[in-house]
Amino acid sequence: MTTHQEPTPRPPHQVLDGTDIARVITRIAHEIVERAKGAEDVVLLGIHTRGVHLARRLHGRLAQITGREIPLGTLDITMYRDDLRLKPARALEHTEIPPGGIDGKLVVLVDDVLFSGRTIRAALDALNDIGRPRAVQLAVLVDRGHRELPIRADYVGKNLPTSLREAVQVRLSDADGVDAVLVGDRDYAARSSQALASQPTEPHLPE
Amino acid sequence: MKRHLVSAADLSRDDALLVLDTAEELAQLSGRAVKKLPTLRGRTVVNLFFEDSTRTKTSFEVAEKRLSADVINFSAKGSSVSKGESLKDTALTLQAMGADAVVIRHHASGAPARLAQSDWLHGSVINAGDGTHEHPTQALLDAFTMRRHLNPGSGKDLAGRRVTIVGDILHSRVARSNVHLLTTLGAQVTFVAPPTLLPIGIEQWPCEISYDLDSVLPKTDALMMLRVQRERMNAAFFPTEREYSRRYGLDGVRMAQLPEHAIVMHPGPMVRGMEITAEVADSPRCTVVEQVANGVSVRMAVLYLLLGGAVFADGPTEPARTDSVETAQ
Amino acid sequence: MTSYLIRNAKILGGAPQDLHLADGVIKEIGTGLAVEADIEIDATGMIVLPGLVDLHTHLREPGREDAETVLTGTQAAAMGGFTAVHAMANTTPVADTAGVVEQVWRLGQEAGYCDVQPVGAVTVGLGGKKLAELGAMHESAAGVRVFSDDGKCVDDAVLMRRALEYVKAFDGVVAQHAQEPRLTEGAQMNEGQVSGELGLGGWPAVAEESIIARDVLLSAHVGSRLHVCHVSTAGSVEIIRWAKGKGWDVTAEVTPHHLLLTDELVRSYDPVYKVNPPLRTAEDVQALRKALADGTIDAVATDHAPHPAEDKDCEWAVAAMGMVGLETALSVVQQTMVDTGLLNWEGVADRMSHRPARIGRLTGHGRPVSVGEPANLVLFDPAYRGAVNPDSFATRSRNTPYRGMDLPGRVHATFLRGRATVLAGELAERDGLV
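About the criteria used
Residues numbered from 1 in each chain as written. Chains lettered and ligands numbered in written order. Predicted model: local features only at pLDDT ≥ 70, side-chain atom pairs only at ≥ 80, totals over all residues. Heavy atoms only, no water. Contact = heavy atoms within 4.5 Å. Buried area = accessible area lost by both parts, 1.4 Å probe. Salt bridge = Lys/Arg side-chain N within 4 Å of Asp/Glu carboxyl O. Polar contact = N/O pair within 3.5 Å; in protein donor to acceptor, adjacent residues only side chain to side chain. Helix = DSSP H or I, 4+ residues; strand = E, 2+ residues; numbered from the N terminus. Nonpolar A, V, L, I, M, F, W, Y, C, P; charged D, E, K, R; others polar. Domains from an automatic or database assignment. Pairing = 2+ DSSP bridges. Axes fitted to C-alpha atoms, helices over the stretch in contact; angles between N-to-C directions.

**What about the interface of chain B and chain C?**
On the chain C side, the residues contacting the 19 residues of chain B number 18 residues. Both sides together, the interface formed by chain B and chain C hides about 1,400 Å², and carbon and sulfur atoms give 51% of it. Considering only the side of chain B, the residues that lose the most area to chain C are Ser 109, Arg 114 and Ile 200 of chain B, jointly responsible for 36% of the buried surface there. Residues Asp 313 of chain C and Arg 114 of chain B are paired through a salt bridge, measuring 3.8 Å at the closest nitrogen-oxygen approach. If you look at where chain B meets chain C, you find eight residue pairs in polar contact (both at pLDDT 80 or more). Elements with a contribution of two residues or more to the side of chain B that touches chain C: helix 3 (87-96) and helix 4 (111-117) of chain B. Sort the elements by how many residues they give to the side of chain B that touches chain C and helix 4 of chain B lands first, with four residues. Among the residues making up the side of chain B that touches chain C, the classes are represented as eight nonpolar, eight polar and three charged.

Structure, rendered in structure tokens:
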């Protein structure tokens, strides 16, 4: 018989800082303008929670680049989740579709981390009930792999190969007071309540 | 929230605000092309109505269908219930059919409480009005309507708002549920009625009592007129219809005594000419139609919060935020 | 006939003594009795009381044998320490003729567990319109002396007056179920704070008190005996106290459940708490205990009202009213009256045996515990503590509000004219009785 030894969890380490995040957002904004031919019919929809903050930043960048206000909205995908029955009912976030709607538009969904793809699947279902866009694209700050559905991002801030044991945390000044992307052992946060208390954000885990 | 909604007294302030905030989000749905969410797909909701109530039943049914639940209407009329089947046997039947929730309207006070406490069925019990006891979703839609007009915004309550409820308090399940919920949300409630239509022991309730409508009107932010059934006249609760409407009915002259911002509410169905004149009922200050629309949103919120998430055998289920720590399965 | 030697029992709570029971009577009382007996019982710590007498029992036979029969009801009575019960008249058919009361009386004799004294209806079919043949019921083998429309009130003042007058001819008494019918239309529970909140139709105290006030005045006016059934309010107590102060011949009873339970329990909407008169407030409970202690209320009567499960396993509004009570009565009285210091065991014997027997004019019951008296006795262990388990009840019904409740005391043995109907807490075989 061998005794199973749990490895000591690693504390999270930073992979992107504030400057990196700002640069990445600028790059994605340029890519959108380039690929959407001036972003004439683009509608930005941020997915709660941090996707909303990222979409707002992207919106600001696009205004600087194009000199126009790109329609910006928010999307709560709670009611479309495939894991609703695994947890108590959750409070809903605000869904705000811009006045022009999404029919015939190029909708760019914005989220912080692309992982299993289930959130995006739910977002696509939600869009389907809201209207009929010309096309839907996806912009994410981090793609950490481990897809469970045939979904890919059109704009990726950083590809971040991770193991399933790891957790990716995105901190944004709007919600967390600081801009950073951290990677650490999932167990680190889960095991240590002190670690949790010292970290204002939650690890981004498979949804 | 608890697993059942039997009494408005079961709702804490946080619970009540969660329902109102959720309803506010769900209200957006009515402006969409596809007025439907997949949330309760595969869940079976039974509308068990022992009493005729087209409005409440329709409202629940719309709410259930908008959430994609499988809806079964089990009406007491023409069913085995009218042939003497007991509530217990009806409940056992519904349990065997796999009901995840039972929306019950019953002429006997306490019937939903009895269902919820019994081991006859395991699904959630939602009280859609029981006898002269409670009608919690009506109170929620009333509070929702008041909040929209008097203190709009997510997370807001009704602190300090003055609500006057006029009419047959004694027989009103709406009044009972409202006094619980409005008090929980911080409002000050005043009941106005002839003494014959106030229950014994009402001094102990968390509300003010007045027999004089005119003196209360200038200090009212929301005025709720309750239906007064003409049959009450025969049981000597008041002498004549004319005398009732003269003393406790709302006409244009009385409405003018309300502050500018005040709204006039009615849970319906209205008895025009009795507790409310046509002039008031059709005025823009009267929220009756709005209340009906809000009823669907509030009932969707209740159904989602009770049925949308994991169902635990017992114990409260605390709402979790979407971005909370989630562990991989 | 089996003879018994009871060792070290406290008669009416007094010093431990031995009792020798033989030939249906108490043969000898003393310390260290040196007599031979068939069965010797170590009764150390136990109390001896005269066999309990219930003025108010629903045995349901004839008509509702699914709820109770005379046999199961008297078995329950024996298990509760009773040696005589008054069987209420609201059977189907109603006990309003000599034939029905004789039938019930004979069924009691045949059962052998407890003397059954039928109560006759005051009015035909409990209809409140026409006097039943009270004299014929009295002259029957049943020898009825207590008349009651219990379940319904004799609300017609003239009819009540006539009934009171008429029964004087044979020293009868009218036991009134005091409930003003118009004030209690649709009544579901005590009218008060709780009924208002629960939206259940109210049964106001005044509906009981107004009838009692009228009846004591009527009884004084015609010089007749009046007995008031199941007094449930503090106001009723005041009226009865006033009437007794006048020297009028008025007696009253209270049920065990009105001594212990309040309308707060109705908040559960569990119909096991549905009873008529309804459970009242804590203030009423305190007033009733005090009145029983000072003798304003003469007797504890169970109002044992068995109902089949389906009549309680339903919503409140359609549930039947009533609770079983024979097998828990003495325990509830110990908890509410003895353990609280309001009544000693002598007082319990008076309120549960002597006085009810005197009100019912039962000559063989409610006697002193002394040599030569008929051996109608109960041996009670007040030190016992345990949860009420309805599955062990002898009654056919299970509608007890005390399920799972810890109540003190337990009947160890009951003797009916020297025969043990209950021994070591177990019901005796029927063959041994008759």
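**With respect to the domain arrangement of chain C**
Residue and element names in this part refer to chain C. For chain C, the assigned domains read domain 1 (4-47 + 372-433) and domain 2 (51-360). Just the C-alpha atoms count here: the centres of domain 1 and domain 2 sit 26 Å apart. In this complex, domain 1 contributes 39 residues to the contact, which on the side of domain 2 involves 49 residues. Summed over both partners, the interface of domain 1 with domain 2 buries about 3,400 Å², with 62% contributed by carbon and sulfur atoms. At the surface where domain 1 touches domain 2, the tally comes to two salt bridges. Between the two partners, domain 1 and domain 2, sit 19 residue pairs in polar contact (both at pLDDT 80 or more). Counting residues per element, the ones that place at least two in the side of domain 1 that touches domain 2 are strand 16 (377-387), strand 17 (406-416), strand 18 (419-423) and strand 19 (426-427). With eight residues, strand 17 is the single largest residue contributor to the side of domain 1 that touches domain 2. Residues of the side of domain 1 that touches domain 2, tallied by class, amount to 21 nonpolar, 11 polar and seven charged.

**So, the sheet that holds strand 3 (residues 101-106) of chain B**
Residues and elements named next belong to chain B. Read from one edge of the open sheet, four strands run 2-1-3-4, paired in parallel fashion. In the strand order of this sheet, the two ends are held by strand 2 (70-75) and strand 4 (124-130), each with one partner. Here the average twist between neighbouring strands, direction ignored, is 15°. Summarising the sheet, strand 3 and strand 4 pair through five bridges and their orientation is parallel. Looking at strand 4, one finds that Val 102 is bridged to Val 125.

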